[in-house]
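An overview of the molecular structure
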Amino acid sequence: MTAYLLERALLPTGVVDNVRVDVADGRFASVEVGGSAGSANRLAGLTIPGLANCHSHAFHRALRGHTQQDRGTFWTWREQMYAVAGRLDPDRYLALARAVYREMVLGGITTVGEFHYLHHGPDGTPYADPNEMGLALVEAGRQAGIRVVLLDTCYLAAGIGRGPEGVQRRFSDGTADAWASRVDDLRRGVTGSGSSPAGRDTADPWAGLGAAVHSVRAVPREQVPVVAKWAAAHEAPLHVHLSEQVAENDECLAAHGLTPTELLADAGALGERTSAVHATHLTDRDIDLLGSSRTQACFCPTTERDLGDGIGPSRALLDAGSSLTLGSDSHAVVDLFEEMRAVELDERLASRERGHWSAAELLTAATVDGHRSLGVADAGRIEVGARADLVTLDTSSPRTAGTGAGQATAVFAASAADVVHVVRDGVVVVTADDRHDVGRELDAAIREVWA
């Protein structure tokens, strides 16, 4: 058993002083306000639960600084992204993802949902192990110390009525049934119930597996139910890019007479285990469908602003019944504190009013609700029985000093640079001394991608 004395801690009831937590077998065995220090390790500052990054494309991190300098749109950026996708093999992807996941852990993220569609070789031919690229991500998470939920993504088309083109051939399994067969093999590996087809042992206590429909552009309407039924049968999370672009809505309406949200509802793809990523350009009916089905809305504000996507109706979705979660998506920024406050600040820009989201609501999005959306419902809280994830913030930095060391400090003042100590499942995975080492690893991995 390991014990920590938290100078200030965010508990389900709010922020309190002097909290002793005892950790056994990776979980909180006791949480005592005002407990005696004894031999407990003291963590000075504000300690919050581990953060959940619910939407990641690890390989996009190689684009930071390379795509921001020119004019263009989401669609021109996508071509640059495809160029990076064409350069990766399992070894390069392992090295890049490990560095990216270490950057996440350094910023207090203890669980990541990896929206993974880079499945096959450069010409679309599967590797000897058809899940080699996904297994590289699982291994990268193990080495980095982050809990990876691999959201294996069905991606079959370049657009409605068009087969995969160019690098997209790497993404496609041909049909949703073929996708499901491959993922069944992957599931037997990452859950520890067997080995991958190539005999590689993939059992990993930190990994989980979910499903994803890339978008209504990339999965034909008649094949969406196959993915939804697979997720339901395995009680797995189901994530989907939804209405990120107006062009996506227009294409779907022209082809099917439905909005993307209506198409997903018709396919049985909405529900409490589903997360709609971006959910930017929605009709009132879309909001009602998402809210009434309790579909979660995953916003990625730093990516949405980097790509010029627009500002989604986050508060309207919550009021309709869709809980908010957060992701760093393209990793133009890896900072869940910035994602939290950007939700509120973007609402202010759109409405010219302040105070749409409280700090407590945004912290819930980044912890409890985020973990739940990834199928890790026993994380994101400092309470007995929960996974022992702790993120400690320096409350005396130039950013946080004088801000009260409360929930508002975490949301409206702190950044990833203020994280000084991270515990995941009771194991210390980051201290402040790791920062420069992670930077060097990122630089080396990204140079290798561009070489």
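Throughout what follows, the structure given in this document is the object of discussion. Along each chain, residue indices are assigned from 1 in the same order as the chain's sequence is written. pLDDT decides what is reported in this predicted model: residues at 70 or higher carry local features, side-chain atom pairs at 80 or more are listed and counted, and totals for whole chains, interfaces and linings draw on all residues regardless. The side-chain values count all of the structure's non-hydrogen atoms but skip hydrogen atoms and water molecules.

Once that is clear, we can look at the overall build of the protein. Each helix and strand in the protein was counted, giving 15 helices and 15 strands. Against the compact-globule benchmark of 22 Å for 451 residues, the protein has a radius of gyration of 21 Å, which places it among compact chains. Considering only C-alpha atoms, the protein reaches an extent of 65 × 55 × 45 Å along its principal axes. Buried, partly exposed and exposed residues are distinguished by accessible area as a fraction of the type maximum, computed with a 1.4 Å probe on protein chains only: under 20%, between the cut-offs, and over 50%, respectively. By residue count, 59% of the 451 residues in the protein fall in the buried class. Two residues form a contact once any of their heavy atoms are found within 4.5 Å. For the protein, the share of sequence-separated contacts (at least 6 apart) that also reach a separation of at least 24 residues comes to 73%. Secondary structure elements are taken from DSSP: a helix is a run of H or I of four residues or more, a strand is a run of E of two residues or more, and numbering for both begins at the N terminus. To get the radius of gyration, use the C-alpha atoms; to get the globule rule, take the number of residues to the power 0.38 and multiply by 2.2 Å.

Time to look at the pairing of strand β9 (residues 238-242). In terms of burial, β9 is a largely internal element, five of the five residues being buried. Side chains Leu 238, Val 240 and Leu 242 of β9 all project onto a buried face; the interleaved residues His 239 and His 241 project onto the opposite face, where all are buried too. Looking at chain direction, strand β8 (residues 208-213) and β9 are connected through three bridges and run parallel. Within the sheet, the bridge partner assigned to Ala 211 lies in β9 and is Leu 238. In this fold, the crossover linking β8 to β9 by way of helix α5 (residues 224-233) has right-handed handedness. Think of it this way: DSSP has to see at least two bridges between two strands before they count as a pair. The pairing of β9 with strand β10 (residues 274-278) spans five bridges and is classified as parallel. From the neighbouring strand, Leu 242 faces β10, where its bridge partner is His 278. For crossovers, right-handed means that the path from the first strand over the helix to the second runs clockwise, given strands pointing away from the viewer.

Before going further, it helps to examine empty space enclosed by the protein. The pocket and cavity definitions rest on a 1 Å grid over protein atoms only: a 1.4 Å probe that fits but cannot leave marks a cavity, an open set with protein on both sides within 12 Å along at least five of seven lines marks a pocket, and residues lining either have an atom within 4 Å of a point. Grid points are joined across faces, edges and corners, and a volume is the space filled by probe spheres set on the points. Across all of its chains, the model carries three cavities of 30 Å³ or more by this definition. Within this model, the largest cavity holds a volume of roughly 160 Å³. What lines the largest cavity is a set of 18 residues, among which Phe 74, Trp 77, His 214, His 241 and Glu 244 lie closest to the centre. Tallying contributions element by element places helix α1 (residues 74-85) first for the lining of the largest cavity, with five residues. When its residues are assigned to classes, the lining of the largest cavity shows seven nonpolar, seven polar and four charged. By volume, the second largest cavity amounts to about 40 Å³. Lining the second largest cavity are Phe 299, Pro 301, Glu 304, Gly 310, Ile 311, Gly 312, Ser 314, Val 343, Asp 346 and Glu 347. Every element with two or more residues in the lining of the second largest cavity is listed here: α9 (301-306) and α11 (336-351). Put simply, Ala, Val, Leu, Ile, Met, Phe, Trp, Tyr, Cys and Pro go in the nonpolar bin, Asp, Glu, Lys and Arg in the charged bin, and everything else, Gly too, in the polar bin.

Where a protein is soluble and globular, its nonpolar side chains tend to be buried together. Among buried residues, those of type Ala, Val, Leu, Ile, Met, Phe, Trp, Tyr and Cys that are joined through side-chain atoms within 4.5 Å constitute a nonpolar core. Phe 59, Leu 96, Tyr 101 and Trp 230 are the most contacted members of the largest nonpolar core, which has 119 residues in total. With ten residues, helix α2 (residues 90-106) is the largest single contributor of residues to this core. Contact partners of Leu 96, with chain neighbours within four places excluded, come to Ala 58, Phe 59, Ala 62, Leu 88, Ala 445, Ile 446 and Val 449. Grouped together as the second largest cluster of nonpolar side chains are 14 residues, Tyr 4, Val 21, Ile 382 and Leu 390 included.

Judged by pairing direction, the sheet is parallel, and its eight strands sit side by side in the order β5-β6-β7-β8-β9-β10-β11-β12 without closing on themselves. Looking along the sheet, the strands with just one partner apiece sit at the ends: β5 (51-56) and β12 (324-326). Taken over all neighbouring pairs, the strand axes of this sheet differ in orientation by 25 degrees on average, direction set aside. By the bridge criterion, four bridges tie β5 to strand β6 (residues 109-116) in an arrangement that is parallel. Bridge pairing in β6 links Leu 51 to Ile 109. Contacting β5, β6 and β12, α11 runs over the sheet at an angle of about 140 degrees to β12. For helices, the axis comes from a line fit to the C-alpha atoms of the stretch in contact; other axes are also lines fit to C-alpha atoms, and the angle between any two N-to-C directions lies between 0 and 180 degrees.

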